[in-house]
Amino acid sequence: PVWLLFLIIFVILVGGAALWWAVPTAPDATHPTAMPSGGIELGAEPYSLTATDGSTLTETSYRGQHKLIYFGFARCADVCPAGLSTITNAIYALGDAGKALQPIFITVDPANDTVEKISEFLKMFDARFIGATGSAEAIAAAKQSFRVYASGAMPADAASVSHDNAEATAPP
């Protein structure tokens, strides 16, 4: 019957279109493989911070490991804890693969966030988190390296520091 022939042709066309749409294509000049950051390797520019484990955190720290970096501040009441909880949950959800990630918290409020305050704040999250602080200039260099925005230091009694809700990844 003719209707069966049309049905078979229709199924072949729809199936072919679905397959064409679902199968990834090889990159070409019209679809570059640049990183989402526009080809900039985030975290590659020099910076030097004091880490909560007593080490110096620089752009060369944790070579060979994937780094998951979060910029925030220890007095943050809701956004930063939510972001760090998301990172913690993602690391746990990855199981053994999560062990390959190094989570790092960098303050955007160096005037108020001491190593001790950051260490206390990070106790609520994955124990592998490393926190980092430094002078205003050192934090500015880290923010520049990762292309993160944050306003200047806030008074100790201020409830907020305006900053990107930014997580960044850096290659091994």
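For every chain, the first residue of the written sequence is number 1, and numbering continues from 1 onward in sequence order. In keeping with the model being predicted, local features are shown solely for residues with a pLDDT of at least 70 and side-chain atom pairs are shown and tallied solely at 80 or more, while totals for entire chains, interfaces and linings include all residues. The basis for every side-chain value is the complete set of heavy atoms in the structure, and neither hydrogens nor water enter the calculation.

**Some details on the environment of Ala-74**
Reasoning step 1: What counts as a helix is a DSSP run of H or I of at least four residues, what counts as a strand is a run of E of at least two, and both are numbered from the N terminus. Looking at where Ala-74 falls in the secondary structure, it is placed in the loop between β3 (66–72) and α2 (79–93).
Reasoning step 2: Sequence separation between Ala-74 and Ser-119 is 45 residues; the distance between their C-alpha atoms is 9.1 Å.
Reasoning step 3: Residues contacting Ala-74, with those up to four places away along its chain left out, are Phe-105, Asp-113, Lys-117 and Phe-121. Whether two residues are in contact is decided by their heavy atoms, any of which lying within 4.5 Å being enough.

**Considering the pairing of strand β1 (residues 48–51)**
Strand residues, when the strand is regular, have side chains that alternate between the two faces of the sheet.
Reasoning step 1: The cut-offs for exposure are 20% and 50% of the maximum accessible area for each residue type, with area from a 1.4 Å probe on protein chains only; residues under the lower value are buried, those over the upper are exposed, and the others partly exposed. Alternating positions in β1 separate cleanly, Leu-49 and Ala-51 being buried on one face and Ser-48 and Thr-50 remaining unburied on the opposite face.
Reasoning step 2: Strands pair, by our definition, only if DSSP identifies at least two bridges between them. With three bridges joining them, β1 and strand β2 (residues 56–58) adopt antiparallel strand pairing. The residue bridging Ser-48 from the neighbouring strand is Thr-58, located in β2.
Reasoning step 3: Counting the residues between successive antiparallel strands, the hairpin from β1 to β2 contains four residues, one of them, Gly-54, with a positive phi of roughly 90°.
Reasoning step 4: Sheet topology note: the β1/strand β5 (residues 130–133) ladder contains two bridges and is antiparallel. The partner of Ala-51 across the bridge, within β5, is Ala-132.

**Here we look at the side chain of Thr-58**
Reasoning step 1: Tracing the backbone through its elements, the reader meets Thr-58 in strand β2.
Reasoning step 2: Counting of polar contacts relies on pairs of N or O atoms within 3.5 Å, with two restrictions inside protein: one atom must be capable of donating a hydrogen and the other of accepting it, and residues adjacent in sequence are counted only when both atoms are side-chain atoms. A polar side-chain atom of Thr-58 sits 2.9 Å from a polar atom in the side chain of Thr-60.
Reasoning step 3: With residues up to four places along the chain from it excluded, the contact list for Thr-58 reads Tyr-47 and Ser-48.

**Details of the pattern of salt bridges**
Reasoning step 1: Definition used for salt bridges: Asp or Glu carboxyl oxygen within 4 Å of a side-chain nitrogen of Lys or Arg. For the structure on display, the rule yields five salt bridges.
Reasoning step 2: With a shortest N-O distance of 3.2 Å, Glu-120 and Lys-123 are connected by a salt bridge.
Reasoning step 3: The class of Lys-123 is exposed, set by a relative accessible area of 62%.
Reasoning step 4: Here Asp-126 ties to Arg-128 by a salt bridge, and the two come within 3.0 Å at their closest N and O atoms.
Reasoning step 5: Among the residues examined, Arg-128 registers a relative accessible area of 29% and is labelled partly exposed.

**A few points about the environment of Thr-114**
Reasoning step 1: If you trace the backbone, Thr-114 turns up in the loop between β4 (101–107) and α3 (115–122).
Reasoning step 2: In sequence terms Thr-114 and Ala-74 are 40 residues apart; their C-alpha atoms lie 9.2 Å from each other.

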